[in-house]
Amino acid sequence: MAELTKTPAAKEVKLADPREASIEPSTQEMILRAQKLQIETVFDRAVTMKPCAIGLQGICCKNCSMGPCRLPLPKGGIQGEDTRKGLCGATANTICARNFARMVAAGSSAHSDHGRAVAETFLSVARKETKDYTIKDPAKLIQIAPYFDVATTVEVDGKKMDRDLDEIALGVAEAAVAEFGKTGGTLSYLKRAPKPLQEKWKKEGVMPRSIDREVVEIMHRTAMGVDQDYKNLTKQATRCSLGDGWGGAMIGTDLQDVMFGSPTPLQAEANLGVMKEDHVNIIVHGHEPLLSEMIVAAAQSQEMVDYAKSKGAKGIQLAGICCTANEILQRHGVPPAGNFLQQELAIITGACDAMIVDVQCIFQNLANVAKCFHTKLITTHPIAKMEQDNVVHIEFDEHHAMEDANRIVKMSIDNFQNRGADVMIPHHKTTQIAGFGVESIRYHLGGSFRGDYFTLNDNIINGRIRGIAGVVGCNNARTKHNEEHITLIKELIKNDVIVLTTGCSAIAAGIHGLLTPGAAAVHCGPGLAEVCETVGIPPVLHLGSCVDNSRILLAATEVVKAGGLGNDICDLPAAGSAPEWMSEKAIAIGQYFVSSGVYTVFGYHMPLDGAPEFKDYLYREMENIYGGKWDCEPDPIKHAHKMIAHIDKKRKELGIDKARERVLMDMADRQALGVE
Ligand code: BF8
């Protein structure tokens, strides 16, 4: 039996108030339990350590060893000329724009390296070098092939015939891998965007040339003594981010769909309460589903279930954290045990027999928490190891993926018998419907015969649906866990704005019961409720993981194509949001949304306050170039109303604001008009 040990905490750690830390009851319970067991968590660290005030303003430059140079705003703001400079003379605008661009580079590289791993695995599939992965969605493969200039038909004796699927797969795989380092032209997927948007990108000179090149160029341009014009730096940040959203991330999403199947709506549970005391609990955490897909297969195999039973468990309960959770949720209905801020808490239940991590959003402190229990913490990726000695590294290789997965699941089962007596799994869990995508929205809102986006557009034009919001992104220990997501989403749907969600925001929405058709009657305005009830969909649609934000770009493009709502994404009554963002990946996503024409509001804060001119460029001038702009609002209700005001402005520009007024009439209005 594992003996409980304390985590080596920083000296004088203050304790978080669980009710101030999260709105979610099982999270509160687990924070309290951790404190009783003297196990430190992110929530305690957040009250112990304050963020750096200068870093918060975005104006600390540490790009050479003459610095770090710090250029805080003078008390009382800038009076007259802004004379602040670093040792080399770099202005606050330059420093802030460099820092911003580097965040875009880091975020884009994370999504795109994920996309590359998926593309390389798909190449192994196409070359028949692995038996463990196959093509589960050939229709998707045929759909994307033309974007890579891969023919899907051949002419035989003057007749057009379907081309061999293996040949198409090889063509697509080679072209997809080449996108990361291609030496001529621009990215293939850019042609999926609405034409006017492509024209804007061309005019601005921001069409990404290759995915990797734009990241490298940011690192070059932000190195000491290179680009010293914040507008020029922002341009490169745009080019790099487009290489993420319309490049690396989109390739990742598409090829995952091809190999693992495109998601279709399914029912599952969510929250820490999905863990089971009498089962082997395995948690997968991270982002790339290459391994977790195999873990799902291994954990569901009769051989492993029997093995678990032979060790005294009733079965195997697999669950996820973060975006790996979203990946296996949307394709297999495997429940998420929680989002970003709940990762330590899953171990603190005492019932986590193994936590298997791949890349991104993984706390190093997991190792310290795991040390207090029997939990096996297993790293699996060559680029993401941990220094602590209680961490096991089992390197995953797609060429023997199933073998690796079986080994990991067996190790997890073997660890079940080491579980201590002190187990406490919170009871809270909810039911949710997840697994929406571009295709399933088309089907659900259009029906099987006339499945298309016309129906969605009709409902936007007639005002039942006021607009579309993409609410995405992380949790942040500087804000109350899940509060901004849930308050914001509720306010949007109350005002008839349909919400598309991904990432940790989607997990929050699931945990708080917003991903069910039944949520429409409880939380929605009358128009959106009517649509959801008629069609049988939730008012908040779970579109997957953070790389799947590419699905939101494509859904917006489908809405443009369906007609009646303008010619470009920036014409749509739509807005984006990341209310509890923390990761550089969120900044990359925000930049590609803005540069694709979306008004995008972030919560908490943006590291821009120290450079008001650069901030103004992002918050106002970008709109003149791409039709989208940045904004920030920490208060979730005000945040929602900024998005709604933008949606209403777009409705007015489209001339559909009158229809909206008609729908908003209440009983008294109708009686006054004599129509009731
Ligand atoms: O990529 S939402 S905390 S898990 S970064 Fe991380 Fe943020 Fe969650 Fe998914 Ni996206």
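Just so it is clear, the model here is predicted, and its values are computed rather than measured.

### Section: the coordination of the nickel atom of the ligand
- With respect to protein ligation, the nickel atom of the ligand binds only Cys546 (SG), at 2.2 Å.
- What the four donor atoms of the nickel atom of the ligand show is an angle range of 91 to 165° at the metal, which sorts the shape as irregular.
- If you trace the backbone, Cys546 turns up in the loop between β15 (540-542) and α23 (549-562).

### Points about the pattern of salt bridges
- Considering all chains together, one arrives at 43 salt bridges under this definition.
- Here Asp422 ties to Arg33 by a salt bridge, and the two come within 3.0 Å at their closest N and O atoms. Of the two residues, Asp422 sits in the loop between α16 (401-415) and β12 (430-434) while Arg33 sits in helix α2 (residues 25-36), which places them 389 residues apart along the sequence.
- Judged by relative accessible area, which is 39%, Asp422 ranks as partly exposed.
- A salt bridge links Glu214 to Arg209, with the nearest nitrogen and oxygen atoms 2.8 Å apart. Of the two residues, Glu214 and Arg209, both sit in the buried class.
- When salt bridges that share partners are traced, they join Lys140, Arg192, Asp254, Asp257, Glu327, Arg331, Glu439, Asp548 and Arg551 into one network.

### Some details on helix α12 (residues 302-310)
- Within the sequence span of α12, burial applies to Met304, Val305 and Ala308. Taken end-on, α12 shows its buried residues confined to a sector of 100°, consistent with a single buried face. Opposite the packed face of α12, turned more than 90 degrees from it, sit the exposed residues Gln302, Glu303 and Ser310.
- Lining the buried residues of α12 we find β6 (280-285), α11 (289-300), β7 (316-321) and α16.
- Looking one or two residues past α12, Gly312 carries a phi angle of roughly 95°, positive in sign.

### Thoughts on α11
- Helix length check: α11, at 12 residues, gives a terminal C-alpha distance of 16 Å against a target of 16 Å (1.5 Å per residue), a fit within 8%.
- Burial runs high along α11: 10 of the 12 residues are buried.
- Every buried residue belonging to α11 is among Pro289, Leu290, Leu291, Ser292, Glu293, Met294, Ile295, Val296, Ala298 and Ala299, and all of these are buried.

### Some details on the environment of Gln228
- Following the sequence through the fold, Gln228 ends up in the loop between α9 (211-221) and α10 (230-260).
- Those residues within four positions of Gln228 in sequence are excluded, and the remaining contacts are Thr94 and Arg98.
- Only 3.4 Å separates the side chain of Gln228 from the backbone oxygen of Gly225, close enough to count as a polar contact.
- Among the polar contacts made by the side chain of Gln228, one reaches the main-chain carbonyl oxygen of Val226 at a distance of 3.1 Å.

Rules used throughout
Residues numbered from 1 in each chain as written. Predicted model: local features only at pLDDT ≥ 70, side-chain atom pairs only at ≥ 80, totals over all residues. Heavy atoms only, no water. Donors = N, O, S within 2.8 Å, 3.2 Å for Na, K, Ca; no water. Tetrahedral: all angles 85-135°; square planar, octahedral: opposite > 155°, others 65-115°. Helix = DSSP H or I, 4+ residues; strand = E, 2+ residues; numbered from the N terminus. Salt bridge = Lys/Arg side-chain N within 4 Å of Asp/Glu carboxyl O. Buried < 20%, exposed > 50% of the residue type's maximum accessible area, 1.4 Å probe, protein only. Arc of directions from axis to C-beta. Contact = heavy atoms within 4.5 Å. Expected span 1.5 Å × (residues − 1). Polar contact = N/O pair within 3.5 Å; in protein donor to acceptor, adjacent residues only side chain to side chain.

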